[in-house]
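So the chains spell out like this:
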Amino acid sequence: MKCARCGKEAPESLTTEAVELDAGGLLVVRHIPCYRCGNCGEVMYAGDVVRRMEELTGQAEAMLQEITVVNYARTR
Ligand SMILES: [Zn+2]
């Protein structure tokens, strides 16, 4: 994938993201597949990953825990 910011090639990688939840908790998702630009460090997600993250965010909000940590690779 081409980097959205600088246009250089962004190879596949894995990342960890922390999402602040509306309910006040924090969701940490580990091992998320992404594309990371080797030039500027921009991280991009495929469309299905974006949708899956939204689902995981909704599930975490329903659990009402202070901190939820999930491994993306194990949520399928
Ligand atoms: Zn870039």
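Quantities reported herein were computed from a predicted structural model and do not represent experimental measurements. (Residues numbered from 1 in each chain as written. Predicted model: local features only at pLDDT ≥ 70, side-chain atom pairs only at ≥ 80, totals over all residues. Heavy atoms only, no water.)

(A) Expanded view of the coordination of the zinc ion. Those donors, Cys3 (SG), Cys6 (SG), Cys37 (SG) and Cys40 (SG), are the protein atoms that reach the zinc ion, and they lie 2.3 Å from it. In this structure, the zinc ion is coordinated by 4 donor atoms arranged in tetrahedral fashion, with angles at the metal of 103 to 121°. All donors of the zinc ion come from a single chain, and their spacing in sequence reads C-x2-C-x30-C-x2-C. Of the two residues, Cys6 sits in the segment before strand E1 (12-20) while Cys37 sits in the loop between strand E2 (26-36) and strand E3 (43-44), which places them 31 residues apart along the sequence. The class for Cys6 is partly exposed, based on a relative accessible area of 33%. Classification of Cys37 as buried rests on a relative accessible area of 4%. (Donors = N, O, S within 2.8 Å, 3.2 Å for Na, K, Ca; no water. Tetrahedral: all angles 85-135°; square planar, octahedral: opposite > 155°, others 65-115°. Helix = DSSP H or I, 4+ residues; strand = E, 2+ residues; numbered from the N terminus. Buried < 20%, exposed > 50% of the residue type's maximum accessible area, 1.4 Å probe, protein only.)

(B) Representation of the environment of Cys6 in the model. With 69 residues separating them along the chain, Cys6 and Thr75 place their C-alpha atoms 32 Å apart. Sequence-distant contacts of Cys6, defined by excluding residues within four places in its chain, comprise Cys37, Asn39 and Cys40. (Contact = heavy atoms within 4.5 Å.)

(C) Summary view of the pairing of E1. Here 8 bridges tie E1 to E2, and the two strands are oriented antiparallel to one another. What sits directly across from Ala18, in E2, is Val28. Taking the residues between adjacent antiparallel strands as the criterion, E1 and E2 are bridged by 5 residues, where Gly24 takes a positive phi near 105°. (Pairing = 2+ DSSP bridges.)

(D) Representation of unusual backbone geometry within the structure. Its identity is not glycine, yet His31 carries a phi of approximately 60°, on the positive side. Topologically, His31 is positioned in strand E2. Residue classification places His31 among the partly exposed residues on the basis of a relative accessible area of 34%. Positive phi outside glycine occurs at Leu64, with the angle close to 55°. By the secondary structure assignment, Leu64 is in the loop between helix H1 (47-63) and strand E4 (67-71). A residue is classified by how much of its surface remains accessible, and Leu64, at 67% relative accessible area, is exposed.

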